[in-house]
Amino acid sequence: MKKFSLLSLCFLLILSVGCKEENKTTTNEKAPIEQENSNSTIFNYSIKNISKSTLATCKRNPCPQMDIKYLYITNDSNVGEKINKANEENLSSIVQTPNDSISYKKIDEGVNKFIEDYISFKNEFPESPAVYELKIDQEQLFENNQTLVYSTIFYTYTGGAHGYGAKLYHTYDKNTGEIVTNEKLLKNKNAFKAYAEGMFRKKFNLTENESLNKNGFFFENDEFKLAENIAVTKDSLYMIYNAYEAASYAEGDIKFSFPKEDVEAWLNQ
């Protein structure tokens, strides 16, 4: 990449400040998909928006296409604040490239870096018609007295034949604010894995001993593994393999929804 001029560096400094001051917050009108009644505090939310229209610098200069909507807990709560911070860090990782040496803590920081990368790209390839894109849409999937589950759909494009989109689930412990990992969700991971593999093979009409990878899948050592994204709600367990996780981009995401009563013996909630 070409080195920026002093003028460009000044522009980036102004851009960074503008992103942080111009974020627009609106009221969340989306209802959760599933919710259990409880005696514990149910969080209140606003939706925070970041887009070209909310950034002052994008009104005067070319910017990537951006449309970011994410949840922010408004309760005066230490746990709520901890979840907000963890959520922003998770969202920032969406726009972090393998070459980034810094892990961003705030979504503003990730967005600023995305814009800076776009400016670098345009400086080096001014004739390129490509325009970067960043879309994030988040909603509450489930909340009860123990856990809170967010569902996040995103899409990024930074040149090339196509961009990349995925769906992410994040579960938070409402007592501590900590992320609940799949290991904590499942009390007998191996038993659930065996069940999920059976359902996976049934979905794709594969026999018990038939090779997965010879049928177009990407499992390491041809051994089935659970998806990274698992969410448990009142009535269901959702599991999704995003593109490249188990199959090619052309295959798209691979989704499963298991009735909770069928998998409850292997869950910690």
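Up top is the structure.
Residues numbered from 1 in each chain as written. Predicted model: local features only at pLDDT ≥ 70, side-chain atom pairs only at ≥ 80, totals over all residues. Heavy atoms only, no water.

A. Highlighting the sheet that holds strand β8 (residues 229–232). Taken together, three strands build an open sheet; the order of strands is β8-β9-β10 and the sheet is antiparallel. Bordering the open sheet on either side are β8 and β10 (254–259), each of which pairs with just one other strand. Pairwise comparison of adjacent strand axes, ignoring direction, gives a mean angle of 15° for this sheet. Direction of pairing for strand β9 (residues 236–241) relative to β10: antiparallel, over a ladder of six bridges. Residue pairing in the sheet places Ser236 in a bridge with Pro259 of β10. Docked against the sheet, helix α5 (residues 189–203) engages β8, β9 and β10, running at close to 120° with respect to β10. (Pairing = 2+ DSSP bridges. Helix = DSSP H or I, 4+ residues; strand = E, 2+ residues; numbered from the N terminus. Axes fitted to C-alpha atoms, helices over the stretch in contact; angles between N-to-C directions. Contact = heavy atoms within 4.5 Å.)

B. Focus on the pairing of strand β5 (residues 133–143). Pairing analysis gives five bridges linking strand β4 (residues 65–73) to β5, with the strands arranged parallel. Looking at β5, one finds that Gln65 is bridged to Glu133. Two elements, β5 and strand β6 (residues 147–157), share ten bridges in a ladder whose sense is antiparallel. Each residue of the ladder has a partner; that of Ile136, found in β6, is Phe154. Counting the residues in the hairpin turn of β5 and β6 gives three residues.

C. Structural detail: the pairing of β8. Of the two faces of β8, the one lined by Asn229 and Ala231 and the one lined by Ile230 and Val232 are each fully buried. Note that β8 and β9 share four bridges and pair antiparallel. In the strand pairing of β9, Ala231 is matched with Tyr238. Adjacent in sequence and paired antiparallel, β8 and β9 are bridged by three residues. (Buried < 20%, exposed > 50% of the residue type's maximum accessible area, 1.4 Å probe, protein only.)

D. Broad picture of the packing of aromatic side chains. One pass over the structure, following the stated rule, counts 27 aromatic pairs. Ring plane angle 70° and centroid distance 5.3 Å describe the contact between Tyr195 and Phe258, whose orientation is recorded as edge-to-face. A residue pair is termed long-range when its members are at least 10 positions apart, and Tyr195 in helix α5 and Phe258 in strand β10 qualify at 63 residues. Following the ring pairs from residue to residue traces out a cluster consisting of Phe192, Tyr195, Phe200, Phe204, Phe217, Phe219, Phe224, Tyr241, Phe256, Phe258 and Trp266. The cationic tip of Lys48 hangs over the ring face of Tyr72; the distance from NZ or CZ to the ring centre is 4.1 Å. Taking NZ or CZ as reference, Lys203 lies 5.4 Å from the ring centre of Phe256, over its face. (Phe/Tyr/Trp six-rings, centres within 6.5 Å; stacked < 30°, edge-to-face > 60°. Lys NZ or Arg CZ within 6 Å of the ring centre and 35° of its normal.)

All quantities given are derived from atomic positions and should not be read as evidence of function.
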